[in-house]
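A look at the structure
Residues per chain are reported as follows:
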Amino acid sequence: MDWLDHSLMGKKGAAAGVAGAAHSLTIEDQKAFHYVYGPYADPVLEVDPGAVVTVETHDAFEGKILSAADKPSEILQFPFLNPQSGPIHVRGAEKGDALAVRIISVSPRGPQPVGTTCLIPEFGGLVSTGQTAMLNAPLPEIVKKVVVDEAGVHWSDTLTLPYEPFIGTIGTAPEIEAISSLQPDYYGGNMDLPDVAPGAIIYLPVNTPGGYLYVGDCHAIQGDGELCGVALEIPATVVLQIDLIKGHGNAWPQLETEEAMMFIGSARPLEDAARIGYRELVRWVAAETGQSEEEAYMLLTMCGKVRLGNMVDPKYSVGASILKRYLV
């Protein structure tokens, strides 16, 4: 039997994980992109649980970096970065529910070379930044354009990296705040976690009626930490199956694959992000298995895993996970 039948989406979803009506959200449909996560934008699409939505997304630079000769500091206008498609209103979603978003595919879109990475002044994991202020001079601005197709990431004439696509920024609207799409938090946002990839289901807290799902910032490949601050950014076509779990009550994003369950925390310092992820996972393991939280705490000390999403954004993101085979 398909593992999806045994997933939280399959067992608890309003549509029981069954694919429903197909929808499309193109660049032309979107018109204006969003640079904050919040409840104040008008939805561009309204769907029922089970909907399968094909979404076209911009890269994190909204396609403005065209060549290796471009200088990001002269082209990009902070804070108008990381444009988001959406929001998508899910009928019946209320505070305390969760949107279950199955990621079916992420495909590169547009003329080659579609991939962009770069060094941006005072941005990255090994340089001084606004939050880590030092007198060091910025590194030189460098832009690299890369051909990306589903056969691989053509880094150079001698090196092809694997195509390992994922969604860098996905989330629901906060209840009252409007927060930059550059920041991750309890609603999801710019987590830059490579596990948010085709084959996974992410469960996002609903904080406002309709949920208001936003998505953007797809990556062709990224190492743990997104070290220089920029992954291989691509415009993409994303296919999502969106379900609704009533009363799920997760306070932070939860991610499920065939093999594992993960919770994602975002905070500074980095260890607080890990603590959030592990705390939520301890509570879930205890509730799922009937163990005490103390037993679950000790179990995760033995077999818990952490995955570093980003260590460069206004808050850092860490996923804490356990293999399902240990949930006896």
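Residues numbered from 1 in each chain as written. Predicted model: local features only at pLDDT ≥ 70, side-chain atom pairs only at ≥ 80, totals over all residues. Heavy atoms only, no water.

Some thoughts on the sheet that holds strand β22 (residues 316-323)
Strand order in the open sheet formed by 9 strands is β1-β4-β18-β6-β15-β19-β20-β22-β21, and the pairing between neighbours is mixed. At either end of the open sheet lies a strand with only one pairing partner, and these are β1 (22-25) and β21 (305-308). Between one strand axis and the next, the sheet turns by 25° as a mean value, whatever way the strands run. With 7 bridges connecting them, strand β4 (residues 51-57) and strand β18 (residues 236-245) associate as antiparallel partners. By the bridge assignment for β18, Val52 is matched with Gln241. (Pairing = 2+ DSSP bridges. Helix = DSSP H or I, 4+ residues; strand = E, 2+ residues; numbered from the N terminus. Axes fitted to C-alpha atoms, helices over the stretch in contact; angles between N-to-C directions.)

Structural notes on the nonpolar core
One finds Ile88, Val148, Ile167, Ile170, Ile202 and Leu213 to be the most contacted residues of the largest nonpolar core, which totals 42 residues. Take this core: its biggest share by element is 5 residues, from β18. Once residues lying within four places of it in the same chain are set aside, the contact partners of Ile167 are Ile103, Val106, Val196, Val215, Gly216, Asp217, Cys218, Val238 and Leu240. Core analysis: the second largest hydrophobic core is formed by 20 residues, Ile201, Phe263, Val285 and Leu300 among them. (Core = buried A, V, L, I, M, F, W, Y, C linked by side-chain atoms within 4.5 Å. Buried < 20%, exposed > 50% of the residue type's maximum accessible area, 1.4 Å probe, protein only. Contact = heavy atoms within 4.5 Å.)

Points about the environment of Leu193
With respect to the helices and strands, Leu193 occurs in the loop between β14 (188-189) and β15 (201-205). With 56 residues separating them along the chain, Leu193 and Ala137 place their C-alpha atoms 29 Å apart. Excluding anything up to four places from it in sequence, Leu193 contacts Phe166, Met262, Ile264, Arg307, Leu308, Gly309 and Gly319.

Here we look at the pairing of strand β5 (residues 85-90)
Burial analysis of β5 places 6 of its 6 residues in the buried class, the great majority of the element. Where strand β3 (residues 45-47) and β5 come together, 3 bridges link them in parallel fashion. Its bridge partner lying in β5, Leu45 is registered against Ile88. Note: β5 against strand β16 (residues 213-219), 2 bridges, orientation antiparallel. When the bridges of β16 are listed, Ser85 appears paired with Val215.

Concerning the environment of Ser107
Along the chain, the position of Ser107 falls in strand β6 (residues 98-108). Residues Ser107 and Glu293 lie 186 residues apart in sequence; the distance between their C-alpha atoms is 41 Å. Excluding residues that lie within four positions of it along the chain, Ser107 makes contacts with Glu150, Tyr163, Pro235, Ala236 and Thr237. At a separation of 3.0 Å, a polar atom in the side chain of Ser107 contacts the side chain of Glu150. (Polar contact = N/O pair within 3.5 Å; in protein donor to acceptor, adjacent residues only side chain to side chain.)

Considering the layout of surface pockets
Estimates place the volume of the largest pocket at around 640 Å³. Elements supplying a minimum of two residues to the lining of the largest pocket: α3 (72-75) and β16. Residue composition of the lining of the largest pocket, grouped by class: 13 nonpolar, 10 polar and 7 charged. (1 Å grid on protein atoms, 1.4 Å probe; cavity = no way out; pocket = protein on both sides within 12 Å on 5 of 7 lines; lining within 4 Å. Points joined across faces, edges and corners; volume = space filled by probe spheres on them. Nonpolar A, V, L, I, M, F, W, Y, C, P; charged D, E, K, R; others polar.)

Brief notes about the packing of helix α4 (residues 270-289) against helix α5 (residues 293-303)
Packing of α4 against α5 brings their axes to within 8 Å, and their N-to-C directions diverge by 120°. If you check the angle between α4 and α5, you find them oblique. In this structure, α4 crosses over α5, and the sense of that crossing is right-handed. For the pair α4 and α5, contact is made by Tyr278, Leu281, Val282, Arg283, Val285 and Ala286 and by Glu293, Ala296, Tyr297, Leu299 and Leu300, respectively. (Parallel < 35°, antiparallel > 145°, perpendicular 65-115°, else oblique. Left-handed = near helix turned anticlockwise from the far one by under 90°.)

Examining the packing of aromatic side chains
This model, assessed by the stated rule, comprises 4 aromatic pairs. Taking the centre distance of 4.8 Å and the plane angle of 35° together, the rings of Tyr37 and Tyr214 count as tilted. With a gap of 177 residues between them, Tyr37 in strand β2 (residues 36-37) and Tyr214 in strand β16 connect regions that are remote in the sequence. Here the two residues Tyr37 and Tyr214 agree in accessibility, since each one is buried. Between Tyr186 and Tyr187, the aromatic rings sit 5.2 Å apart at their centres with planes inclined by 80°, giving edge-to-face as the arrangement. Members of the aromatic cluster, each reached through a chain of ring pairs, are Tyr37, Tyr186, Tyr187 and Tyr214. The lysine or arginine in question, Lys144, covers the ring of Trp155, its NZ or CZ lying 4.7 Å from the ring centre. (Phe/Tyr/Trp six-rings, centres within 6.5 Å; stacked < 30°, edge-to-face > 60°. Lys NZ or Arg CZ within 6 Å of the ring centre and 35° of its normal.)

Quick notes on a negative patch on the surface
Taken together, Asp2, Asp5, Glu258 and Glu259 make up a surface patch of like negative charges. Its location among the elements puts Asp5 in the segment before α1 (8-12). When its relative accessible area of 42% is taken as the criterion, Asp5 is described as partly exposed. (Patch = residues over 30% accessible without salt bridge, like charges linked within 9 Å, V, L, I, M, F, W, Y side chains within 5 Å. Areas by Shrake-Rupley, 256 points an atom, 1.4 Å probe, with all protein chains shown as cover. Salt bridge = Lys/Arg side-chain N within 4 Å of Asp/Glu carboxyl O. Lys, Arg positive; Asp, Glu negative; His and termini not counted. Charge placed at Lys NZ, Arg CZ, Asp CG, Glu CD.)

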